[in-house]
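Structural overview for review
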Amino acid sequence: MSYSVKMTVNGKEVTGEVEGRTLLVQFLREHLGLTGTHVGCDTSQCGACTIHMNGRAVKSCALLATHCEGQDILTIEGLADGDTLHPMQEAFREHHALQCGFCTPGMVMSAIGIVDDNPDPSHDEIRHALEGNICRCTGYHNIVLAIEAAAQEMNK
Amino acid sequence: MYDFSYSRASSSDEAISKHGASDDARYLAGGMTLIPVLKQRLDQPSDVVDLGDLEDLRGITEDSGAIVVKAMTTHHQVHSSELVKSRIPALADLAGTIGDPMVRNRGTIGGSLANNDPAASYPSAVLALNATINTDKRSIPADEFFTGMFDTALEEGELIVAVSFPIPEQAGYKHFPNPASRYPIVGSFVAKTSDGVRVAITGAGACAYRQTEFEEAWADGNLDPDKIKDIKISDEGLNSDIHASAEYRAHLINVMTRRAIG
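Residues numbered from 1 in each chain as written. Chains lettered and ligands numbered in written order. Predicted model: local features only at pLDDT ≥ 70, side-chain atom pairs only at ≥ 80, totals over all residues. Heavy atoms only, no water.

1. What to know about the packing of helix 2 (residues 87-94) of chain A against helix 3 (residues 104-117) of chain A
Residue and element names in this part refer to chain A. Rules: An axis is simply a line fitted to the C-alpha atoms; with a helix, the fit covers only the stretch in contact. Between two such axes, the angle follows the N-to-C directions and lies from 0 to 180 degrees. Where helices and strands are cited, they refer to DSSP runs of H or I of at least four residues and of E of at least two residues respectively, numbered from the N terminus. Here the angle decides the label: under 35 degrees means roughly parallel, over 145 means roughly antiparallel, 65 to 115 means roughly perpendicular, and every other value means oblique. For any pair of crossing helices, the crossing counts as left-handed if the nearer helix is rotated counterclockwise from the farther one by less than a right angle, and right-handed if it is rotated clockwise. Residue contacts are defined here by distance: any two heavy atoms, one from each residue, within 4.5 Å place the two residues in contact.
Relative orientation of the contacting elements helix 2 and helix 3 amounts to 125°, with a least axis distance of 10 Å. As summarised for this structure, helix 2 and helix 3 are arranged oblique, according to the angle between their axes. With respect to the hand of their crossing, helix 2 and helix 3 are arranged in right-handed fashion. Residues Met88, Gln89 and Phe92 of helix 2 pack against Thr104, Met107, Val108, Ala111, Ile112 and Val115 of helix 3.

Structural data, given as structure tokens:
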């Protein structure tokens, strides 16, 4: 069965035709071509598909596209302002907080959620709050450093 | 995932009527269990009724000595609620241990209780605090709600509206998480109320249950960990799987219960 959906993605209103079973991440990647949001495990464990819905970090592989009718979605593509990276993206670049890069979009979206909830997180708090994001290169150390640095920048 | 007919409800009444009109419908709350289950084709409903628009089922209030958590309230909202943190801090702590931050932003207390996963965290709090589960039809006492693995006293189409937790004099929760899934291998919730001490265990059996040996040992209300230290819990009937043997879970029940109030 086909359903029309309308939602705001990265500040722009978008529409599409989806099935009941279409996941938000499929809608983003396959309908809108926003392939920055990754599908890692497809079992809502790895966090590579993390996006923000109405300002909260959520896993887009565990959400139905139809459920997101009328909601405000932010993906990794919506963070930068032209050529100016979001402070979290800039901190990941500066601290080399990635190796293969597959988990990075989800890490960045989760990291912004972490700082939104806790503007001055300790290393321990960052590590704990990242439990829903898996980096199979195991490059967590620089990710933690990047989030700590970005938090200071975002608080300015 | 098999396809299904999707609809959303703008009121509880509409949700119940849509569920009733279908051959085989499921309510969709936060979807943190239902969506993965559908993806694995472990379930094939004809209809999914989305409860996401039911704002009247969200929120936390205090009402005559109890904290009332409405069914669509997320784990994050319970964890970060100043009201819950001040009245039942153990419940706020428990909500903060479920899944990960993204799961806690979506998962709901009503969804967790209706699903009754053997390793879900909330059922232990509901049982130990002697909470009441309010549905569209009736009020169900905690002791009658959890009836087996993924099984509850809810009738077909019955909708959880809110959970009412009496404010305890003292309470604590501790679990031993599976390092991968974060689900409790064993979790223990201890609560002391004017009615006495109740201890509920999750993760160890088919569903959460009360560990009466501990309740009897603490019957005088003095929650001294030494008083239960030597109580051996039988491993008979406990879960045994790749994560932990029944014997290990039996051991953890005692350790987690002592740590819950430590």
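Don't stop here, the text continues.
2. Here's the deal with the sheet that holds strand 11 (residues 170-177) of chain B
Strand pairs in the sheet, formed through backbone hydrogen bonds, run parallel or antiparallel to each other. Residues and elements named next belong to chain B. Rules: Between any two strands, pairing holds if DSSP finds at least two bridges.
Strand order in the open sheet made by the four strands is 11-12-13-14, with antiparallel pairing throughout. A strand with exactly one partner marks an edge of an open sheet, and here the two such strands are strand 11 and strand 14 (209-210). Strand direction decides the pairing type here: strand 13 (residues 196-202) and strand 14, joined by two bridges, are antiparallel. By the bridge assignment, Ile201 is partnered in strand 14 with Tyr209. Its contacts with the sheet place helix 11 (residues 246-260) against strand 11, strand 12 (184-193), strand 13 and strand 14, and it is angled at close to 40° to strand 12.

3. Quick notes on the domain arrangement of chain A
Residue and element names in this part refer to chain A. Using the following cut-off: Boundary definitions for the domains trace back to an automatic or database domain assignment. A quick way to say it: buried area is the sum, across both parts, of accessible area lost when two parts are put together, with a 1.4 Å probe. Salt-bridge detection follows one rule: a side-chain nitrogen of Lys or Arg within 4 Å of a carboxyl oxygen of Asp or Glu. Nitrogen and oxygen atoms within 3.5 Å of one another constitute a polar contact, given that in protein one can donate a hydrogen and the other can accept it, and given that sequence-neighbouring residues count only through two side-chain atoms.
Under the domain assignment used here, chain A contains domain 1 (2-76) and domain 2 (87-154). Placing a centre on the C-alpha atoms of domain 1 and another on those of domain 2 gives a separation of 22 Å. Summed over both sides, the interface between domain 1 and domain 2 buries roughly 1,200 Å², with carbon and sulfur atoms accounting for 59% of that surface. When the area that domain 1 buries against domain 2 is broken down by residue, the three leading residues are His38, His52 and Ile76, summing to 39%. At the boundary of domain 1 with domain 2, the tally comes to one salt bridge. Residue Asp117 pairs with Arg56 through a salt bridge whose shortest N-O separation is 2.9 Å. Where domain 1 touches domain 2, the interface holds seven residue pairs in polar contact (both at pLDDT 80 or more).

4. With respect to the interface of chain A and chain B
Heads up, the rule is: The classification used treats Ala, Val, Leu, Ile, Met, Phe, Trp, Tyr, Cys and Pro as nonpolar, Asp, Glu, Lys and Arg as charged, and all other residues, Gly among them, as polar.
If you look at the interface, chain A gives 30 residues, while chain B gives 25 residues. Between chain A and chain B, a total of about 2,300 Å² is buried, with carbon and sulfur atoms accounting for 54% of that surface. Summed over the three residues of chain A that lose the most area to chain B, namely Arg21(A), His67(A) and Glu131(A), the buried surface amounts to 28% of that side. For the interface between chain A and chain B, the tally reads four salt bridges. Lys39(B) is paired through a salt bridge with Asp42(A); the nearest N and O atoms lie 2.8 Å apart. Here chain A and chain B share 16 residue pairs in polar contact (both at pLDDT 80 or more) between them. Contributing elements (two or more residues each) for the side of chain A that touches chain B: strand 3 (50-53), strand 4 (56-59) and helix 3 of chain A. Here the side of chain A that touches chain B gets four residues from one element, more than from any other, and that element is strand 4 of chain A. In terms of residue class, the side of chain A that touches chain B is made up of 11 nonpolar, 11 polar and eight charged.

5. Overview of the pattern of salt bridges
Residues and elements named next belong to chain B. Within this structure, the stated rule accounts for 22 salt bridges over all chains. Here Asp143 and Arg198 are joined by a salt bridge, their closest N and O atoms 3.0 Å apart. Taken together, the positions of Asp143 in helix 9 (residues 142-145) and Arg198 in strand 13 put the pair 55 residues apart, joining distant regions of the chain. The network of salt bridges with shared partners includes Asp143, Arg198, Arg210 and Glu215.

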